[in-house]
Amino acid sequence: MKIEEIHQLFLKSHSVCTDTRKIQKNDIFFALKGDNFNGNKYAKKAIELGAKYAIIDEEEFNTTSEIILVNDVLETLQKLATFHRNYLKTPIIALTGSNGKTTTKELINAVLSKKFKTTATVGNLNNHIGVPLTLLSITKNTEIGIVEMGANHQKEIEFLCSIALPDFGYITNFGKAHLEGFGSVKGVIKGKSEMYDYLITNNKTVFVNTNDIIQVEKTKKAKVFAFGNKENTNVKINFTKADPFVISEYNKLEIKSQLIGDYNYNNIAAAITIGNYFKVDDYDIKSAIEDYKPNNNRSQIIEKDTNKIILDAYNANPSSMTAALLNFEKQAENKVAILGDMFELGQEAEKEHQSIVNLSSSLNINQIIFIGENFYKSKTQSEKILKYNSFESFKNTFDVSEIKNSIFLIKGSRGMALERVIELI
């Protein structure tokens, strides 16, 4: 069956689904495969649960008229997404970067939705499956689509751009993330800049932070709409302070966010800039930024008894960990940092974990607790440092509930699930 024909079926369906546990009536089920599962086996069940059609790529499961056999289910999903994107011609803003992608995407969505009907990536569905699913969630009523793109190796952003065909793009930053796949920070810059390559080649617009020298250099040949705290930008946005929440100044308006850390200034500034480009009213931009409250373990402020907690346990890499620690040092209260291992660093893991230990021990932080095998192997010793090779070891050995009248920073990679510490404080 041709993509055009599948698209016609899609238009008459409820939505696309890849998980039979989430099937809704009249969905199209795409039987994706992974290392430990084969969606083809669940095609018949999907139909029984109410799916209108099921797309498979293994002939033995082609048992009913509602099941459609294709060469490759994933490839069909991706091609369908691109076909749908071209069919609707909705303007697409794509963004990637080492840190702050999801927060920036949420802020952009908050600002633009003040004026437009938007559709944005849900959560962090930003890979070769998530991007197509986001595109297929766009309807004829959507006026702007916002698509987050993640990558951990070369050519991934290039491929995602070939699916989404963005009209606008923004890269939050280049940092020490996914070094296992990219090999080095130089590799990160090359990989993330594939978005710039696409936008420049296709004469599309790039939003650029002029405070970032590398970004400016990489976009010299691009059609640019720039922001920063300098005069020679399209949108000037000044960072006022972060105490602990970021306050910025834009067009003589003071914007008081609910985001902690001066590193969030760039995320806020990007959202303001994109709102400005699309002519969202300044006061609507201000209210959108001020009303946005982080969730999902991203820079959340939690108060528990006599303690305050900065919960930033959604993810971590050397760049974001460094920024969080430097910001945390500025807090006035008794400070306790609970830090978990950073994943996907490959051969750089030992060096990067040691660097974070060295940095944190040099900062004005009262106590630092490291959890995970990589941090446990670090060599630095100090009276204020404790190390545990696992969360269970920490939980069974250290009574964190005895700490009162303090502020905690909890940060680690997603696999560490350090939000579990909250229950112990």
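If you're wondering where the values come from, they're calculated on a predicted model, not measured in any experiment.

Caption draft 1: Highlighting the overall build of the protein. Within the protein, the secondary structure is distributed over 16 helices and 19 strands. Against the globule reference of 22 Å for 425 residues, the protein gives a C-alpha radius of gyration of 23 Å, in line with a compact fold. Residue burial in the protein is summarised as follows: out of 425 residues, 54% are buried. Long-range contacts, defined here as pairs at least 24 residues apart, represent 61% of the contacts in the protein between residues at least 6 apart.

Caption draft 2: How the structure looks around the packing of aromatic side chains. In the structure shown here, the tally under the stated rule is 14 aromatic pairs. Measuring from centroid to centroid gives 5.4 Å for Phe168 and Tyr277, while their planes differ by 70°, and the two rings are edge-to-face. Of this pair, Phe168 sits in strand β8 (residues 168-171) while Tyr277 sits in helix α11 (residues 265-277), and the two are 109 residues apart along the sequence. Take Tyr277: its relative accessible area is 28%, and that puts it in the partly exposed class. In this structure an aromatic cluster arises from ring pairing among Phe116, Phe168, Phe207, Phe225, Tyr277 and Phe278. Stacked on the ring of Phe391, the Lys or Arg Arg420 has its end atom at 3.9 Å from the ring centre.

Caption draft 3: Up close: the side chain of Asn327. As for its placement among the helices and strands, Asn327 is situated in helix α13 (residues 318-328). Excluding residues that lie within four positions of it along the chain, Asn327 makes contacts with Gly261, Asp262 and Tyr263.

Caption draft 4: Here's a closer look at the environment of Phe343. Assignment of secondary structure puts Phe343 in the loop between β16 (334-340) and α14 (349-362). Note: C-alpha distance between Phe343 and Leu311 (32 residues apart in sequence) is 18 Å. If sequence neighbours within four positions are ignored, Phe343 has contacts with Ser413, Gly415 and Met416.

Caption draft 5: Examining the sheet that holds strand β7 (residues 144-148) more closely. The mixed open sheet is built from nine strands, whose spatial order is β6-β7-β5-β8-β9-β10-β11-β12-β13. Two strands lie at the open edges of the sheet, namely β6 (118-120) and β13 (253-260), each paired on one side alone. Direction aside, neighbouring strands of the sheet carry axes that sit 25° apart on average. Note that strand β10 (residues 223-228) and strand β11 (residues 235-242) share two bridges and pair parallel. From the neighbouring strand, Gly228 faces β11, where its bridge partner is Lys236.

Caption draft 6: Highlighting the UniProt feature "domain: Mur ligase central" (unreviewed entry) in the protein. UniProt's entry tags residues 96-274 with the feature "domain: Mur ligase central" (unreviewed entry), counted in the numbering of this structure. In residues 96-274, the share of helix is 36% and the share of strand is 26%. The end C-alpha atoms are 15 Å apart.

Caption draft 7: Structural context of the UniProt feature "domain: Mur ligase C-terminal" (unreviewed entry) in the protein. Within this numbering scheme, the UniProt entry marks residues 298-396 as carrying the feature "domain: Mur ligase C-terminal" (unreviewed entry). Taken end to end, residues 298-396 is 35% helix and 27% strand, and its two terminal C-alpha atoms sit 26 Å from one another.

Caption draft 8: Summary view of helix α9 (residues 194-201). What α9 keeps buried is the set Glu194, Met195, Tyr196, Tyr198 and Leu199. Turning to α9, the residues buried within the fold contact β5 (92-96), α6 (156-164), β8, α8 (185-192), β9 (205-209) and α10 (213-218). Residue Asn203 follows α9 closely and has a positive phi angle near 55°.

Caption draft 9: A look at the pattern of salt bridges. According to the stated counting rule, one finds 21 salt bridges in the structure shown. Between Glu392 and Arg420 there is a salt bridge; the shortest N-O distance is 3.7 Å. In this pair, Glu392 sits in helix α16 (residues 391-397) while Arg420 sits in the segment after β19 (406-411), placing the two residues 28 residues apart along the sequence. You can call Glu392 partly exposed: its relative accessible area is 45%. A network of salt bridges, in which partner residues are shared, links Lys33, Asp57 and Glu58.

Caption draft 10: Broad picture of the sheet that holds strand β4 (residues 67-69). Pairing is parallel in the open sheet, where four strands are placed in the order β1-β2-β3-β4. For this open sheet the edge positions go to β1 (16-17) and β4, each flanked by a neighbour on one side alone. In this structure, β1 lies alongside strand β2 (residues 28-30), joined through two bridges in parallel fashion. Each bridged residue has a counterpart across the sheet, and for Val16 the counterpart in β2 is Ile28. Against the sheet, helix α3 (residues 73-88) makes contact with β1, β2 and β3 (53-56), and its axis sits at roughly 130° relative to β2, the strand it touches most.

Caption draft 11: Region of interest: the nonpolar core. In terms of nonpolar packing, the biggest core is built from 64 residues, with Leu135, Met149, Leu325 and Leu339 touching the most fellow members. At five residues, α6 tops the list of elements feeding residues into this core. Not counting the four nearest positions on each side in its chain, Leu325 is found in contact with Ala337, Leu339, Ile356, Leu359, Ser360, Leu363, Ile365 and Leu409. With 35 residues, the next largest nonpolar core counts Leu112, Tyr170, Tyr250 and Ile272 among its residues.

Calculation rules
- Residues numbered from 1 in each chain as written.
- Predicted model: local features only at pLDDT ≥ 70, side-chain atom pairs only at ≥ 80, totals over all residues.
- Heavy atoms only, no water.
- Helix = DSSP H or I, 4+ residues; strand = E, 2+ residues; numbered from the N terminus.
- Rg over C-alpha atoms; globule rule 2.2 N^0.38 Å.
- Buried < 20%, exposed > 50% of the residue type's maximum accessible area, 1.4 Å probe, protein only.
- Contact = heavy atoms within 4.5 Å.
- Phe/Tyr/Trp six-rings, centres within 6.5 Å; stacked < 30°, edge-to-face > 60°.
- Lys NZ or Arg CZ within 6 Å of the ring centre and 35° of its normal.
- Pairing = 2+ DSSP bridges.
- Axes fitted to C-alpha atoms, helices over the stretch in contact; angles between N-to-C directions.
- UniProt positions renumbered as here; feature names shortened; annotations may be inferred.
- Salt bridge = Lys/Arg side-chain N within 4 Å of Asp/Glu carboxyl O.
- Core = buried A, V, L, I, M, F, W, Y, C linked by side-chain atoms within 4.5 Å.

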